[in-house]
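Here is what each chain is made of, one letter per residue.
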Amino acid sequence: MMIIGKKIDFLKFDWDEFEIIVWLHNLDRYLETKNRREINEGEFKKELLSYLDPSPLNEEAQARIIKAVLEHSKKYDEPNDPTLLQALRIADKVDRLNIHSVWGAACHIGSLL
């Protein structure tokens, strides 16, 4: 996704923040698998902050990162979505357009399609 992000040059966003959200954007799936239960938004925010608090990022940057990570999987883009969120969603969608992802989707949710 980092390589894809470099090609999203039509949006202005902080590259350091983008790298962080690429690493954190699917953390909720890991936590749900680890805990064997669904994780709510409050718990997820707390977990994200545990990663971001020790960093040199200010509160505004942390808020942008948390917003992007929490909203990256929503179904539709909205006109006022921050560019960091837009960049993550674009990179995530393009990243899933490869043979491994298509094959994996067919194996795991193919019966639902």
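Rules used throughout
- Residues numbered from 1 in each chain as written.
- Predicted model: local features only at pLDDT ≥ 70, side-chain atom pairs only at ≥ 80, totals over all residues.
- Heavy atoms only, no water.
- Buried < 20%, exposed > 50% of the residue type's maximum accessible area, 1.4 Å probe, protein only.
- Helix = DSSP H or I, 4+ residues; strand = E, 2+ residues; numbered from the N terminus.
- Contact = heavy atoms within 4.5 Å.
- Polar contact = N/O pair within 3.5 Å; in protein donor to acceptor, adjacent residues only side chain to side chain.
- Core = buried A, V, L, I, M, F, W, Y, C linked by side-chain atoms within 4.5 Å.
- Axes fitted to C-alpha atoms, helices over the stretch in contact; angles between N-to-C directions.
- Parallel < 35°, antiparallel > 145°, perpendicular 65-115°, else oblique.
- Left-handed = near helix turned anticlockwise from the far one by under 90°.
- Nonpolar A, V, L, I, M, F, W, Y, C, P; charged D, E, K, R; others polar.

Draft legend 1. Region of interest: helix α2 (residues 15-24). Those residues of α2 that sit buried are E17, F18, I21, V22 and L24. Of the surrounding secondary structure, the elements contacted by the buried residues of α2 are α1 (2-7), α3 (27-35), α4 (41-52), α5 (59-71) and α6 (83-95). Taking the backbone nitrogen of D16 as reference, a side-chain oxygen 3.0 Å away marks D14 as the first, capping residue of α2.

Draft legend 2. A look at the nonpolar core. F18 and I21 are the most contacted members of the largest nonpolar core, which has 24 residues in total. Counting only elements with at least two residues in this core, the list comes to α2, α3, α4, α5 and α6. Per-element tally for this core: the top contributor is α6, with 5 residues. Ignoring any residue separated from it by four or fewer positions in sequence, one finds F18 in contact with M1, M2, G5, F13, L84, A87, L88 and A91.

Draft legend 3. Just the packing of α5 against α6, in detail. α6 packs onto α5 with a crossing angle of 40 degrees between their chain directions and a minimal axis gap of 9 Å. When the axis of α5 is compared with that of α6, the two are oblique. In terms of crossing hand, the pair formed by α5 and α6 is right-handed. Contacts between α5 and α6 involve R64, I65, A68 and E71 on the former and, on the latter, L84, L85, L88 and R89. Grouping the constituent residues of the contact of α5 with α6 by class yields 5 nonpolar, no polar and 3 charged.

Draft legend 4. View of the side chain of D81. By the element assignment, D81 lies in the loop between α5 and α6. A polar contact is formed between the side chain of D81 and the backbone nitrogen of E78, at a distance of 2.9 Å. Not counting the four nearest positions on each side in its chain, D81 is found in contact with E71, K74 and Q86.

What is shown is where atoms sit, not what they do.
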